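# Overview (structure and organization)
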Amino acid sequence: EDGIRDISVWLEFRRVLFRSKEVSEKSMGITFEITRNNPDQVIDCRLTAVDFDKFIVGEVVHRIPAGQKHLQVYAVIPTRARAVSADVVRCFAAY
């Protein structure tokens, strides 16, 4: 699923999904960008991968360390079955 789509705007973070692509039968890669108001804030993003029937087959919390205000993030979601799509469910300040 290639293409850019705006996911949402939440308080201090803005995320835009770039693409998700199968890495293997047991993992899905996802690339998205994030912009944060405070570059010193560590962020956790909940990522999911779904199968053809839209069942969640993988889920991970990906930590984004403090650093840049605007960055592109690549993460791999381990899956228990073949996934067809991935999504950023939400991002939140890590504590």
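Here, the structure is the one placed above.
This is a predicted model, so every value here is computed, not measured. Numbering of residues begins from 1 in every chain and follows the order in which that chain's sequence is written. This being a predicted model, a pLDDT of at least 70 is required before a residue's local features are given, and a value of 80 or more before pairs of side-chain atoms are given or counted; all residues contribute to the totals for chains, interfaces and linings. Excluded from the side-chain calculation are hydrogens and water; included are all heavy atoms of the structure.

### Observations concerning the environment of Thr35
Helix and strand labels come from DSSP, where a helix needs a run of H or I of at least four residues and a strand needs a run of E of at least two; each type is numbered from the N terminus. Within the secondary structure, Thr35 is located in strand β3 (residues 27–36). Distance in space between the C-alpha atoms of Thr35 and Lys69 is 5.6 Å, their sequence separation being 34 residues. Side chain to side chain, Thr35 and His70 meet in a polar contact 2.6 Å long. Counting of polar contacts relies on pairs of N or O atoms within 3.5 Å, with two restrictions inside protein: one atom must be capable of donating a hydrogen and the other of accepting it, and residues adjacent in sequence are counted only when both atoms are side-chain atoms.

### Topic: the pattern of salt bridges
We define a salt bridge as a side-chain nitrogen of Lys or Arg found within 4 Å of a carboxyl oxygen belonging to Asp or Glu. Taken as a whole, this structure holds 4 salt bridges when the rule is applied. With its nearest N and O atoms 2.7 Å apart, the salt bridge here joins Arg63 to Asp44. In this pair, Arg63 sits in strand β5 (residues 56–64) while Asp44 sits in strand β4 (residues 43–50), placing the two residues 19 residues apart along the sequence. For Arg46, the salt bridge identified is with Glu59, shortest N-O distance 2.3 Å. A residue pair is termed long-range when its members are at least 10 positions apart, and Arg46 in strand β4 and Glu59 in strand β5 qualify at 13 residues.

### As for the state of the cysteines
Cysteine sulfur atoms are paired as a disulfide whenever they come within 2.5 Å of each other. All chains considered together, the criterion is met by 1 disulfide. Between the sulfur of Cys45 and that of Cys91 lies a disulfide, 2.0 Å long from S to S. On the sign convention where negative is left-handed, the bridge of Cys45 and Cys91, at about 105° about the S-S bond, is right-handed. Pair noted here: Cys45 is in strand β4 and Cys91 is in strand β7 (residues 85–93), with a separation of 46 residues, a long-range link.

### Things to note about the environment of Ile77
Within the fold, Ile77 resides in strand β6 (residues 70–78). On a C-alpha basis, the gap between Ile77 and Lys26 in space is 8.6 Å, while along the polypeptide they are 51 residues apart. Residues within four places of Ile77 in sequence aside, it is in contact with Lys26, Ser27, Met28, Ile30, Leu47, Thr48, Ala49, Gly58, Glu59, Val60 and Ala86. Any two residues whose heavy atoms approach within 4.5 Å at even a single point are treated as in contact.

All quantities given are derived from atomic positions and should not be read as evidence of function.
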